[in-house]
Amino acid sequence: MAQSSGLKKPIGIYLLAILFILAPFGNVLISFAGSGVENWYEPTVIMAFLQSIPLIDWLWLSLLVLTGILLFRPHKLSWSFAIFTSVLVLIINTVRIYSGDHNSIDPNYMRIFSAMALLCTLGVLIIAFYFRFPYL
């Protein structure tokens, strides 16, 4: 009996890609929930919140989605881009922890959320860098 020796599908990488794509939505929703506004989930309030998000935040959140999409294509460049994006998010979260990032979110909630995001991003970055191009 002949067995095929093909490569297995990189399910872990696909999961990571999906998490990169979903991360901006979770980030925005957690920010809205942490604003202290009771009816943050109402469409009119959400629209006001969405309009208040700075352009720089839209850029790095878009980079997360782009990174997730690129990870579905097995290539060293997409893996390197994921590492770059993780480092960028790590820097942004670190700056926000230490600067207090004056916005509508409760400062204590922001520090806790940023610290958790910092630890998660650092964990993903260590795993991504350690395993470098695992599916190539």
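### Structural notes on the packing of helix H1 (residues 11-33) against helix H4 (residues 76-99)
Okay, so step 1: Relative orientation of the contacting elements H1 and H4 amounts to 45 degrees, with a least axis distance of 13 Å. One way to sum up the angle between H1 and H4 is to call them oblique. Our pair here, H1 against H4, has a crossing hand that is left-handed. Contacts between H1 and H4 involve Ile13, Leu16 and Phe20 from the first element and Trp79, Ala82, Thr85 and Ser86 from the second.

### Focus on H1
Okay, so step 1: Taking 1.5 Å per residue, 23 residues should reach 33 Å; H1 reaches 32 Å between its end C-alpha atoms and fits that length.
Okay, so step 2: Most pronounced at Leu22, the bend in H1 amounts to some 35 degrees, and the proline Pro24 follows within four residues.
Okay, so step 3: Where H1 is concerned, the buried positions are Ile13, Leu16, Ala17, Phe20, Pro24, Asn27, Val28, Ser31 and Phe32.

### Remarks on the layout of surface pockets
Okay, so step 1: Taken as a whole, the largest pocket spans an internal volume of roughly 510 Å³.
Okay, so step 2: Around the largest pocket sit 20 residues that line it, and Leu19, Ala23, Ala117, Cys120 and Thr121 are the ones nearest its centre.
Okay, so step 3: Only H1, helix H3 (55-71), H4 and helix H5 (107-131) provide two or more residues apiece to the lining of the largest pocket.
Okay, so step 4: Broken down by element, the lining of the largest pocket gets its largest block of residues, 9 residues, from H1.

### With respect to the confidence of the model for the protein chain
Okay, so step 1: Of the residues in the protein chain, 76% have a pLDDT of 70 or more, and the chain-wide mean is 77.
Okay, so step 2: Per-residue pLDDT, averaged within each element of the protein chain, yields its smallest value for H5 (70) and its largest for H3 (90).

### Overview of the packing of H3 against H4
Okay, so step 1: The contact between H3 and H4 brings their axes to 9 Å, and the two run at 150 degrees. For the element pair H3 / H4, the angle class is roughly antiparallel. Regarding H3 and H4, the two cross each other, and that crossing is left-handed. Residues Asp57, Trp60, Leu63, Leu64, Leu66, Thr67, Leu70 and Leu71 of H3 lie in contact with H4, whose contacting residues are Ser78, Trp79, Phe81, Ala82, Thr85, Leu88, Val89, Ile92 and Arg96.
Okay, so step 2: Of the residues contributing to the contact of H3 with H4, the split by class is 12 nonpolar, 3 polar and 2 charged.

### Section: a nonpolar patch on the surface
Okay, so step 1: Among the surface-exposed residues, Ile18, Leu22, Phe25 and Phe72 lie close enough to one another that they form a single nonpolar patch of about 390 Å² accessible area.
Okay, so step 2: Following the sequence through the fold, Phe72 ends up in the loop between H3 and H4.
Okay, so step 3: Owing to a relative accessible area of 35%, Phe72 belongs among the partly exposed residues under this scheme.

### A few points about the nonpolar core
Okay, so step 1: The biggest cluster of nonpolar side chains holds 19 residues, and the ones touching the most others in it are Phe20, Trp60, Leu64, Leu71 and Trp79.
Okay, so step 2: The residues touching Phe20, leaving out its near neighbours within four places in the chain, are Leu64, Val65, Thr67, Gly68, Leu71, Ala82, Thr85 and Ser86.

### A closer look at the packing of aromatic side chains
Any pair of aromatic rings gets described here by the distance separating the centres and the angle formed by the planes.
Okay, so step 1: Per the stated rule, a full pass over the model turns up 4 aromatic pairs.
Okay, so step 2: Centre to centre, the rings of Trp40 and Tyr41 are 5.9 Å apart; their planes meet at 80 degrees, and the pair counts as edge-to-face.
Okay, so step 3: Owing to a relative accessible area of 21%, Trp40 belongs among the partly exposed residues under this scheme.
Okay, so step 4: Pairing Phe81 with Phe84 gives two aromatic rings, centres 6.2 Å apart and planes at 35 degrees, and the pair type is tilted. Taken together, the positions of Phe81 and Phe84, both in helix H4 and 3 residues apart, correspond to about one turn of that helix.
Okay, so step 5: In this structure Phe84 comes out as partly exposed when scored by relative accessible area, which is 48%.

Definitions and cut-offs
Per chain, the residues get numbers from 1 upward, laid out in the order the sequence is written. Selection of residues for local features in this predicted model requires a pLDDT of at least 70, selection of side-chain atom pairs for listing and counting requires 80 or more, and totals for whole chains, interfaces and linings are taken over all residues. Side-chain metrics rest on all non-hydrogen atoms present in the structure, leaving aside hydrogens and water. Interaxial angle, 0 to 180 degrees, is taken between N-to-C directions of lines fitted to C-alpha atoms, where a helix line uses only the stretch in contact. For the purposes of this entry, the term helix denotes a DSSP run of H or I that reaches at least four residues, the term strand denotes a run of E that reaches at least two, and both are numbered from the N terminus. Should an angle fall under 35 degrees it is called roughly parallel, over 145 degrees roughly antiparallel, and 65 to 115 degrees roughly perpendicular, with every other angle called oblique. Crossing chirality is assigned from the near helix's rotation relative to the far helix, an anticlockwise turn below a right angle marking it left-handed and a clockwise turn marking it right-handed. It only takes one pair of heavy atoms within 4.5 Å for two residues to be counted as in contact. Multiplying 1.5 Å by the helix residue count minus one yields the expected span of that helix. A residue's bend is simply the angle between two axes: one fitted to the seven residues ending at it, one to the seven starting at it. Buried means the residue's accessible area, taken with a 1.4 Å probe over protein chains only, is under 20% of the maximum for its type, while exposed means over 50%, and partly exposed covers the values in between. Both site types are read off a 1 Å grid over the protein atoms alone. A 1.4 Å probe that fits but cannot get out defines a cavity, while an open set with protein on both sides within 12 Å along at least five of seven lines defines a pocket; lining residues have an atom within 4 Å of a point. Grid points are joined across faces, edges and corners, and a volume is the space filled by probe spheres set on the points. Confidence of the prediction at every residue is given by pLDDT, a number between 0 and 100. Gly is placed with the polar residues, together with every amino acid not listed as nonpolar (Ala, Val, Leu, Ile, Met, Phe, Trp, Tyr, Cys and Pro) or charged (Asp, Glu, Lys and Arg). Exposure above 30% relative accessible area and the absence of a salt bridge qualify a residue for a patch, where like charges join within 9 Å and nonpolar side chains (Val, Leu, Ile, Met, Phe, Trp, Tyr) within 5 Å. Computed with a 1.4 Å probe, the accessible areas rest on the Shrake-Rupley method; for each residue, only the protein chains presented here act as cover. When a carboxyl oxygen of Asp or Glu lies within 4 Å of a side-chain nitrogen of Lys or Arg, that pair is called a salt bridge. For our purposes a nonpolar core is just a set of buried Ala, Val, Leu, Ile, Met, Phe, Trp, Tyr and Cys residues, chained together by side-chain atoms within 4.5 Å. Two rings from Phe, Tyr or Trp (for Trp, the six-membered ring) form a pair when their centres sit within 6.5 Å of each other. Planes less than 30 degrees apart are called stacked, planes more than 60 degrees apart edge-to-face, and all others tilted.

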